[in-house]
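Structure assessment
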Amino acid sequence: MSTADAIACGSPYFTGDLRFPGTLVFMLNNTNDILTAVGIVKTFPGAVALDKVNFSLRRGEVHALLGENGAGKSTLIKCMTGAYRRDAGTLTLDGTEIDPHDTLDAQKLGIGTVYQEVNLLGNLSVAENLFLGRQPRRFGLVQTGEMKKRANALLAQYGININVSAALGSFSVAIQQVVAIARAVDLSGKVLILDEPTASLDAQEVEMLFRIVRDLRARGLGIVFITHFLEQVYDLTDRITVLRNGQLVGTRETASLPRRELVTMMLGHELQSAEKAVAEAESSSGPVQFRFSNYGKAGTIKPFDLDVRKGEVVGIAGLLGSGRTETAELLFGVHKADSGTAEIGGKPANLSSPRAAIAARFGFCPEDRKVDGIIGELSVRENIALALQARRGWARPLSAAEQNALADRYIKALDIRTSDREKPIRLLSGGNQQKAILARWLATNPEFLILDEPTRGIDVGAHAEIIRLIRELCAQGMSLIVISSELEELVAYSSRVLVLRDRAHVAELTGSEITTEHIVNAIAAAPGAGEHP
Amino acid sequence: MNQKYLPLIATIVIFIVSYAVCAAQYPNILSTRVVGNLLTDNAFLGIAAVGMTFVILSGGIDLSIGSVIAFTGIFLAVMLESTSIHPLAAFALVLVITTLFGAIMGAIIHYLEMPAFIVTLAGMFLARGMAFVLSIDSIPIKHPFYAAMKGFYYKLPGGGRITLIGGLMVLVFALGILLAQRTRFGTNVYALGGGAQTSALMGVPVGRTTILIYGLSGFLAGLSGIVYSLYTSAGYSLATVGVELDAIAAVVIGGTLLTGGAGFVGGTLVGVLIQGLIQTYITFDGSLSSWWTKILIGALLFAFILMQKAILLLSRQNKRYS
């Protein structure tokens, strides 16, 4: 048995350390591998996105690439398809080393990619999309009849019979996906990368897509499948590679990897649970300050009940796509609830818009601070003053002195590392940007604060500080909802943990039940019959 | 039925209905003489509008063509007046100049990632300025070759004439339709209009196609200038101001989406003919100011933009419930 096979079978699972030249030779010599990536490194300013990651794809297999947001899945894909240039590492396709310099190049070499949003042209006909740039010609003129015939023949292989002269955009996303796959396979034919192809499909369409993927596997293609639906991983794939924080966690046979272990690989809990906060006992016995009954929105998150006491930290756990962020957005009024009621201090509350939520002294630090949170060109001071100013209304501007005092106070209190308060916030490190956003909401003196992934993408030192801040805030009587994929962190500061799966609240853990073990079990529990992601 | 033909069919229906309305009032409008004149009088606009169609299909705009037509006219007049060069050689020379002019604009748009609006606006001032540098006067062209060209026509039954320039416009449209519908270049133009980035990912040579599109528009503006100089037998720097806007109007009335990616070269011919028909009607009436042409074109344009929006919304709804 070669080393690569040992890695693939993976018991005990392989931790991704391939530094010995001898091992590399074994990897490259495995003739059943169609695509191998060894020691891929990719760094972005201030962050290592991929740290010596190895990946191998065999002929005729469907290989799931899994990991939470920021794990490095898409970076790895982009390095393999030439969309990014890797900083180090080798790629071998079909026994020859390759160095794709862009996606077109990778396509010519044999690596085709299909994205979640179809990357074809909706205004062109199906046939034109399939044969763009290689239309059959005679005397310089495109043979439209011949092109349609070939398009029909090509799609027939996938069991699809549609009018290939009609604009691609007039078909459903599922059909467009199939056309994209047909084009990619026809052009490349060795490796097919499917990047969350099922995210916007319904159950029936997913079934059709899977049938096609199985056919392609039977034809000997190597297929990389990225998804965050675990059901689909077990339904379709042969092997699983898990990444976390830019590092390879391991590659395993799907059949021999229990769901529970997979979740553990994705979320990680090697670090033993930190000491539980002691303050939890008294804080969780106070009166319920915020009560959400049967609160939900059709198509976004199933109705749930949630009580939050003063000074309590409620953690929300679940995999990507389980409805974590949707829950936060619903509580903050980004999505308007279409069922249930909200009460604050026993009185009905209106939380139908973020504006109304801010007026009710709610705060929300969103997950993707680059997109939803910071305004990069504005200074630290302006970013901090933003939410308070919004609540006061533009008719009553904060004076320059007030803004300066505010900014200085929080820069000091939260230890935001910046040379001065007028520095554009985009120049700060991730952790300091995160603290500035936190400062923005603290400045409004909220009673209910929602933090969505407060420690995402920031270094370990900043992690500890954010956690310390969370503890301090709840000691001051603020109620907090914290969403995080870092289970150890949730365990460390939560008085209660809600577990989400498939856009529903499935479990609530309190007191001594709060361990990473229990959370993983709750996430991984197989869904009941009839449920489909 | 394929939805993409809807705007084209709407245009053709409008043309036929308005022709019928005009004919009911002035039966003479049906004579071949009027039909022949319709082609001759709009030849220069039609030829330029073919180039504009390609530009708009690709998601761009070319504001320079009116100025390029004027530049071509004055260039020919000056060349034929002050040198003994044969008109055909002058034609070839000016076509090379205008094609290069367009291609350079295309290259700037692509390589410097500048908006086509600004680049061709600069081109518009530049070409107009160059025309003034050549001469500020209206210079008549009295070359015998011009007279010979004008005497060259196909006689229709009923006294109408398909002149050389009218026939040339029809030929340019025929070639334009072939180029758009049956060549890889044509598909690439549509692809660019559908999304430049996606096109690049799918392997469309974006730079080459952009340069070719604006080069083609420059070439056809030059050809349009030659036709205009044959039509008027003169060159004048202040001629054809705003023709680019007439061409854009013809393209949009012809059913081409101003955002690119959808439309037909053939539709533009109908768009040009609708404009010509309104002009003819006003000439027949005699009492209306010629500015009524502009008012009617404005109303038509507005109606077409509304219709395109409606079709877009409808197709979105169909997709949702299909």
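These figures come from a predicted structure and were not determined experimentally.

Our next topic: the overall build of chain B. In terms of helices and strands, chain B carries 14 helices and four strands. Its C-alpha atoms give chain B a radius of gyration of 20 Å, near enough to 20 Å, the size a compact globule of 322 residues would have. For the C-alpha atoms alone, the extent of chain B along its principal axes is close to 65 × 55 × 35 Å. Relative to its 322 residues, chain B shows a buried fraction of 50%. Contacts in chain B between residues far apart in sequence, at least 24 positions, make up 79% of those at least 6 positions apart.

We now examine the confidence of the model for chain B. When pLDDT is averaged along chain B, the result is 91; 97% of the residues meet or exceed 70. Both confidence scores are given for the complex: pTM 0.73, ipTM 0.86.

Attention now goes to the confidence of the model for chain A. Residue and element names in this part refer to chain A. For chain A, per-residue confidence averages 80 on the pLDDT scale, and residues scoring 70 or more make up 86% of the total. A low-confidence stretch, residues 270–283 stays under pLDDT 50, and its non-local contacts, those more than four residues away or across chains, total 17 contacts. Note that pLDDT drops below 50 for residues 528–533; the model gives that stretch seven contacts with residues more than four away or on any other chain.

For sheets, the rule is that strands pair by backbone hydrogen bonds, running either parallel or antiparallel. Residue and element names in this part refer to chain A. Taken in spatial order, the six strands make up an open sheet running β6-β9-β10-β3-β11-β12, and their pairing is mixed. Of all strands in the sheet, those bounded by a partner on one side alone are β6 (111–114) and β12 (247–253). In this sheet, adjacent strand axes meet at a mean angle of 20° when their direction is disregarded. Where strand β9 (residues 191–195) lies against strand β10 (residues 222–226), five bridges are found, and the strand directions are parallel. Across the sheet, Val191 pairs through a bridge with Gly222, a residue of β10. Packing against the sheet, helix α10 (residues 259–267) makes contact with β3 (61–66), β11 (239–244) and β12, and its axis sits at approximately 30° to β11.

Another point: the UniProt feature "transmembrane region" (unreviewed entry) in chain B. Residue and element names in this part refer to chain B. The positions that UniProt labels "transmembrane region" (unreviewed entry) are, in the present scheme, residues 47–76, 88–111, 117–141, 162–180, 211–231, 243–275 and 295–314. Span residues 88–111 is 100% helix and 0% strand, its end C-alpha atoms 34 Å apart. Taken as a whole, residues 117–141 contains 72% helix and 8% strand, while its terminal C-alpha atoms sit 34 Å from one another.

This next bit is on helix α17 (residues 430–443) of chain A. In this model, α17 of chain A (14 residues) spans 20 Å end to end at C-alpha, consistent with the 20 Å of a helix rising 1.5 Å per residue. Across the 14 residues that make up α17 of chain A, a large majority, 13, are buried.

To continue, consider unusual backbone geometry. For Asn294 of chain A, which is not glycine, the phi torsion reads 50° and is therefore positive. By secondary structure assignment, the location of Asn294 of chain A is in strand β13 (residues 288–297).

All names here are of chain A. Strand order across the open sheet formed by four strands is β14-β13-β16-β17, with antiparallel pairing between neighbours. This sheet does not close on itself; its edge strands, each paired only once, are β14 (301–309) and β17 (347–348). Here five bridges tie β13 to strand β16 (residues 339–344), and the two strands are oriented antiparallel to one another. Of the residues in β16, the one forming a bridge with Phe290 is Ile344.

With that settled, the discussion passes to the pairing of strand β21 (residues 496–501) of chain A. In summary, the side chains of a regular strand alternate between the two faces of the sheet. Residues and elements named next belong to chain A. Among the six residues in β21, six count as buried, and that is most of the element. Of the two faces of β21, the one lined by Arg496, Leu498 and Leu500 and the one lined by Val497, Val499 and Arg501 are each fully buried. Of the pairings in the sheet, the one linking strand β15 (residues 313–317) to β21 comprises four bridges and is parallel in character. Bridge pairing links Val314 to Arg496 in β21.

Below, the discussion takes up the interface of chain A and chain B. Facing the 19 residues of chain A at the interface are 23 residues of chain B. Elements with a contribution of two residues or more to the side of chain A that touches chain B: α4 (103–109) and β8 (141–142) of chain A. Residues belonging to the side of chain A that touches chain B are distributed by class as follows: nine nonpolar, nine polar and one charged.

All names here are of chain A. With respect to the element layout, Ser170 can be found in the loop between α6 (144–156) and α7 (173–187). On the basis of neighbour counts, which here come to 20 C-beta atoms within 10 Å, the residue Ser170 falls in the buried class. In this structure the C-alpha to C-alpha distance between Ser170 and Phe364, which are 194 residues apart in sequence, comes to 39 Å.

Right, let's get into the nonpolar core. A general trend in soluble globular proteins is that nonpolar side chains are found buried together. Among the nonpolar cores identified, the biggest contains 242 residues, and Leu192, Ile470 and Leu480 of chain A together with Ile47, Ala48, Val227 and Ala247 of chain B are the most heavily contacted of them. Every residue in contact with Leu480 of chain A, bar those within four places of it in the chain, is listed here: Val313, Leu449, Leu451, Ile470, Leu473 and Cys474 of chain A.

The next subject is the pairing of strand β4 (residues 88–93) of chain A. Residue and element names in this part refer to chain A. Judged from the five bridges that link them, strand β1 (residues 33–44) and β4 form a sheet pairing that is antiparallel. By the bridge assignment, Ala37 is partnered in β4 with Leu91. Where β4 and strand β5 (residues 96–98) come together, three bridges link them in antiparallel fashion. Each bridged residue has a counterpart across the sheet, and for Leu91 the counterpart in β5 is Ile98. Hairpin connection from β4 to β5: two residues lie between these consecutive antiparallel strands, with Asp94 at a positive phi of about 55°.

Reading guide: rules and limits
Residues numbered from 1 in each chain as written. Chains lettered and ligands numbered in written order. Predicted model: local features only at pLDDT ≥ 70, side-chain atom pairs only at ≥ 80, totals over all residues. Helix = DSSP H or I, 4+ residues; strand = E, 2+ residues; numbered from the N terminus. Rg over C-alpha atoms; globule rule 2.2 N^0.38 Å. Buried ≥ 20, exposed ≤ 12 C-beta atoms within 10 Å, placed from the backbone. Contact = placed C-beta atoms within 7 Å. pLDDT = per-residue confidence, 0-100. Pairing = 2+ DSSP bridges. Axes fitted to C-alpha atoms, helices over the stretch in contact; angles between N-to-C directions. UniProt positions renumbered as here; feature names shortened; annotations may be inferred. Expected span 1.5 Å × (residues − 1). Nonpolar A, V, L, I, M, F, W, Y, C, P; charged D, E, K, R; others polar. Core = buried A, V, L, I, M, F, W, Y, C linked by C-beta atoms within 7 Å.

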